[in-house]
Amino acid sequence: MSATDTSSRVSQFRSAVAEGWTRERFGVLGALALILITFAPPFQVYLFTDFLVVSLFALGFNLLYGYTGLLSFGHGLFYAGGAYGIAIVLRDLGPMIADIVGTGISPLVTFMIGGVVGLVLVIIVAVPVGWLSVRLQEIYFALITLAFGMLGYSLIIQDPAGLTNGTDGVIVLLGTVDLGGTSLRIGGRRIYYVISTITVVAATYGVWRIVNSPFGTICKAIRESPDRAAALGIDASHHRWMTFIISAAVVGIAGVLRAGLASVASPGLTHWSTSAIAVIATVIGGATYFYGPFVGAFIFLYIRWAISRFPALEAYWELFFGALLIAVVLFFKQGAVGGLLLLRDRVLGNNDDSDPGGRENTVDPGEQASAASGHEDEPGNDNMATDRGDDT
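Residues numbered from 1 in each chain as written. Predicted model: local features only at pLDDT ≥ 70, side-chain atom pairs only at ≥ 80, totals over all residues. Heavy atoms only, no water.

Overview of the nonpolar core
Thought 1: Counting residues in hydrophobic clusters, the biggest one holds 67 residues, and the most contacted among them are Phe51, Leu56, Phe78 and Phe244.
Thought 2: Listing elements by their share of this core, those giving two or more residues are α3 (42-68), α4 (76-92), α6 (106-133), α7 (138-157), α8 (189-211), α11 (236-262), α12 (272-285) and α13 (292-308).
Thought 3: Element by element, the count of residues in this core is highest for α3, at 15 residues.
Thought 4: With residues up to four places along the chain from it excluded, the contact list for Leu56 reads Val200, Ala203, Val250, Ile253, Ala254 and Leu257.
Thought 5: Ranked by size, the runner-up nonpolar core spans five residues in total, among them Ile218, Ile222, Ala229 and Ala236. (Core = buried A, V, L, I, M, F, W, Y, C linked by side-chain atoms within 4.5 Å. Buried < 20%, exposed > 50% of the residue type's maximum accessible area, 1.4 Å probe, protein only. Helix = DSSP H or I, 4+ residues; strand = E, 2+ residues; numbered from the N terminus. Contact = heavy atoms within 4.5 Å.)

Here's the deal with the packing of aromatic side chains
The geometry of an aromatic ring pair is captured by the separation of the ring centres together with the interplanar angle, meaning the angle of the planes.
Thought 1: Within the structure shown, the criterion is met by 14 aromatic pairs.
Thought 2: Where Phe61 meets Tyr65, the ring centres are 5.5 Å apart and the plane angle is 25°; that geometry is what we call stacked. You can see Phe61 and its partner Tyr65 sitting in helix α3, four residues apart, about one turn around the helix.
Thought 3: Given the relative accessible area of 0%, Phe61 is considered buried.
Thought 4: Judged by relative accessible area, which is 28%, Tyr65 ranks as partly exposed.
Thought 5: Among the aromatic residues, ring-to-ring pairing joins Phe48, Phe51, Tyr193, Phe298, Tyr302 and Trp305 into one connected group.
Thought 6: We note Arg135 situated over the ring of Trp131; from NZ or CZ to the ring centre the distance is 4.0 Å. (Phe/Tyr/Trp six-rings, centres within 6.5 Å; stacked < 30°, edge-to-face > 60°. Lys NZ or Arg CZ within 6 Å of the ring centre and 35° of its normal.)

Regarding α7
One full turn of an α-helix is made of 3.6 residues, so residues set three or four places apart face in the same direction.
Thought 1: Taking 1.5 Å of rise per residue, the 20 residues of α7 would be expected to cover 28 Å, and the 29 Å separating its terminal C-alpha atoms lies within 8% of that figure.
Thought 2: Where α7 is concerned, the buried positions are Phe141, Ala142, Thr145, Gly149, Gly152 and Ile156. Burial along α7 is one-sided: seen end-on, the buried residues are contained in an arc of 100°. Facing away from the buried surface of α7 by more than 90 degrees, the exposed residues are Tyr140, Leu151 and Leu155.
Thought 3: Contacts made by the buried residues of α7 are with α3, α4, α6 and α11.
Thought 4: Positive backbone phi, at 55°, marks Asp159, one or two positions downstream of α7. (Expected span 1.5 Å × (residues − 1). Arc of directions from axis to C-beta.)

Description of the packing of α6 against α7
The geometry of a pair of packed helices is captured by two quantities: the angle between their axes and the separation between those axes.
Thought 1: Where α6 meets α7, the closest approach of the two axes is 10 Å, and the angle between their N-to-C directions is 150°. Taken together, the axes of α6 and α7 are roughly antiparallel relative to one another. You can see that α6 and α7 cross each other, and the crossing is right-handed. Judged by residue contacts, Val129, Leu132 and Ser133 of α6 engage Phe141, Ile144, Thr145 and Phe148 from α7.
Thought 2: A per-class count over the contact of α6 with α7 returns five nonpolar, two polar and no charged. (Axes fitted to C-alpha atoms, helices over the stretch in contact; angles between N-to-C directions. Parallel < 35°, antiparallel > 145°, perpendicular 65-115°, else oblique. Left-handed = near helix turned anticlockwise from the far one by under 90°. Nonpolar A, V, L, I, M, F, W, Y, C, P; charged D, E, K, R; others polar.)

Describing empty space enclosed by the protein
Thought 1: Scanning the entire structure with this criterion turns up two cavities of 30 Å³ or more.
Thought 2: Roughly 50 Å³ of volume is contained in the largest cavity.
Thought 3: Lining the largest cavity are Leu63, Tyr67, Thr68, Ile210, Val211, Phe215, Gly216, Cys219, Thr243 and Ile246.
Thought 4: If you list the elements that add at least two residues to the lining of the largest cavity, you get α3, α8, α9 (214-224) and α11.
Thought 5: For the lining of the largest cavity, the per-class residue count stands at seven nonpolar, three polar and no charged.
Thought 6: In this structure, the second largest cavity occupies an estimated 30 Å³ of space. (1 Å grid on protein atoms, 1.4 Å probe; cavity = no way out; pocket = protein on both sides within 12 Å on 5 of 7 lines; lining within 4 Å. Points joined across faces, edges and corners; volume = space filled by probe spheres on them.)

A short note on unusual backbone geometry
Thought 1: The backbone phi angle of Ala161 is positive, close to 55°, even though this residue is not glycine.
Thought 2: Its location among the elements puts Ala161 in the loop between α7 and β1 (170-171).
Thought 3: In the Ramachandran plot, Asn165 falls in the positive-phi region, its phi being about 60° despite a non-glycine side chain.
Thought 4: Along the chain, the position of Asn165 falls in the loop between α7 and β1.
Thought 5: Among the residues examined, Asn165 registers a relative accessible area of 37% and is labelled partly exposed.

Some points on the pattern of salt bridges
Thought 1: Tallying each qualifying case throughout the model produces three salt bridges.
Thought 2: A salt bridge links Arg258 to Asp50; the shortest N-O distance between them is 2.4 Å. Taken together, the residues span a long stretch of sequence, with Arg258 in helix α11 and Asp50 in helix α3 at a distance of 208 residues.
Thought 3: Ionic pairing is found between Glu224 and Arg223, a salt bridge with its closest N-O pair at 3.0 Å.
Thought 4: Residue Glu224 is classed as partly exposed on the basis of its relative accessible area of 32%. (Salt bridge = Lys/Arg side-chain N within 4 Å of Asp/Glu carboxyl O.)

In structure tokens:
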């Protein structure tokens, strides 16, 4: 890219920021907020890091649920896979890596290698699990993913080959990097927040590119009508399988970050209740919006934290969350993001279709799939993709 092209893009970005509450302006404000969080009190830095990890977990889940229409209760299996991958590398290979690269930089190198190993482990598990799961739909898909998740939970507790340490889990010690007389503890709250922020932003951008690609368009078409997508020659099962693997990989990255944040990889990460966290965050935020999982995770964690400030309410926090979910289901069918945008439109009298929340507008699935696959409807044909009368 030439200097002229870069200057032109910078000018366009500045113009977009100055025009109003555009996506670019929200991006600038979000980047500023991420920087300011670095200077917050240590506990708030930890809590916001936890929010980033849960958000990435929910975002990976929503790639399968919100964009392909498959509800999974077993994504905790991949969450734990990423966590155990890095934990085992740190425990068993850490000393060997230190002998090769030196003790000064070995904690960072080991952390990076462990993250890659955790991601590869998740993909290896997701390939056969996804291949078997996507052959089922609706409640049967949810049940088989739940079964795989609990199978993983039982396997981890059995401590195969002494790798998982049973119910005690594997301790994660990130260590301290020494470079030129400067010491940086990777597990320090502010340092780990920076690492988590960079990772989550990069992963989020990757998912955004996927959902806005022809592949993402086909996934949305399959979600709306698998039969009509198949009529256009699309292999729905194959695309669901690929989406399952990508979704698991994103969740695995969140699991790697979770292990470093919690300093342990435990069997509880595989349990169905952990998988339900992603489901709850997505439902609260809004599955039809790209940023819905982020908003849902924020509400989930910070309301939970606010309740914990009152000991009398702490014992009944599930009651408050139950009431919150009922309110969302009854009054905010598109989640918190949809409710906020509806409130904004009513207050400002704005009825246009612009949507900074990233909502994926529902259009005819035949048109979506046809556009993604490059097929054009012939004027003389009574094509399913153009006959709106068949949608009823």
